Amino acid sequence: MSEMRVVGVRVELPANQPILLLRETDGERYLPIWIGSVEATAIALEQQGVRPARPLTHDLLKDIISALGRELQQVVITDLNEGTFFAELVFDGGVRVSARPSDSVALALRAGVPIHAEDSVLEEAGLIIPDEQEDEVEKFREFLDSVSPEDFRGADT
């Protein structure tokens, strides 16, 4: 199992599909996960340090976990099955709850807990970006610095 860090989210054009990009903390592999726009917004807001006037769903869930006296210890991306990623929230006492990776990452960022990916998931979907493509990663980081939450709003909102 490898610890991952959130590089960020971006919108893949022309489909306007948000992508969460994770990278191994002590490795070279990247893990792209297509996610929903609501989760992309939640992740982007947290990365930018934006605090909404009212708690978003992931903020509320973090508060509920704390109010119940539990502690989220880590998030694990556990599986990839027919193009769908699966994750688990790992709590104190060994309690594990199945969750979508996008929700899991949004919660992990708020709780300040590590994100891990099973080796089997990284072997199947992990990407190594050659040195000549590092410029693309830097462009992606620059994009993340310039993106705003409004960029993730759907056409019907």
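Position numbers for residues start from 1 in each chain and track the written sequence from start to end. Local features in a predicted model are, by the rule used here, given only for residues with pLDDT of at least 70; side-chain atom pairs are given and counted only at 80 or more, and totals for whole chains, interfaces and linings are based on all residues. Side-chain numbers here rest on the full set of heavy atoms in the structure, without hydrogens or water.

Q: I keep staring at the confidence of the model for the protein chain and nothing clicks. Help me out?
A: Regions with low pLDDT should not have their predicted coordinates read in detail. Per-residue confidence from the predictor is reported as pLDDT, a score between 0 and 100. Across the protein chain, the average pLDDT comes to 86, with 82% of residues at 70 or higher. Averaged over each element, pLDDT in the protein chain is lowest for helix H5 (residues 134-146) (64) and highest for strand S7 (residues 115-117) (98). We count a stretch as a helix when DSSP gives it H or I for four or more residues in a row; a strand needs E for two or more, and each element gets its number in order from the N terminus.

Q: Just to check I follow, could you spell out helix H1 (residues 37-47) for this structure?
A: Side chains of residues three or four places apart in an α-helix project in the same direction, reflecting 3.6 residues per turn. Burial classification: accessible surface area is computed with a 1.4 Å probe over protein chains only, and a residue below 20% of its type maximum counts as buried, one above 50% as exposed, and the rest as partly exposed. The buried fraction of H1 amounts to 8 of the 11 residues, a majority that puts the element mostly inside the structure. Where H1 is concerned, the buried positions are Glu39, Ala40, Thr41, Ala42, Ile43, Ala44, Leu45 and Glu46. Buried residues belonging to H1 abut strand S1 (2-12), strand S2 (17-24), helix H2 (57-67) and helix H3 (101-111). Of the residues one or two after H1, Gly49 is the one with positive phi, at around 75°. The contact rule is simple, with two residues in contact once any of their heavy atoms fall within 4.5 Å.

Q: Would you take a moment to explain the pattern of salt bridges for this structure?
A: Oppositely charged side chains are able to pair whenever their charged atoms sit close together. A pairing counts as a salt bridge when a side-chain nitrogen of Lys or Arg comes within 4 Å of a carboxyl oxygen of Asp or Glu. Applying the stated criterion to the full structure yields 8 salt bridges. In this structure, Asp103 and Arg100 form a salt bridge, with 2.8 Å as the shortest nitrogen-oxygen distance. Salt bridges here are not isolated pairs; linked through shared partners, they connect Glu46, Arg51, Asp59 and Arg110.

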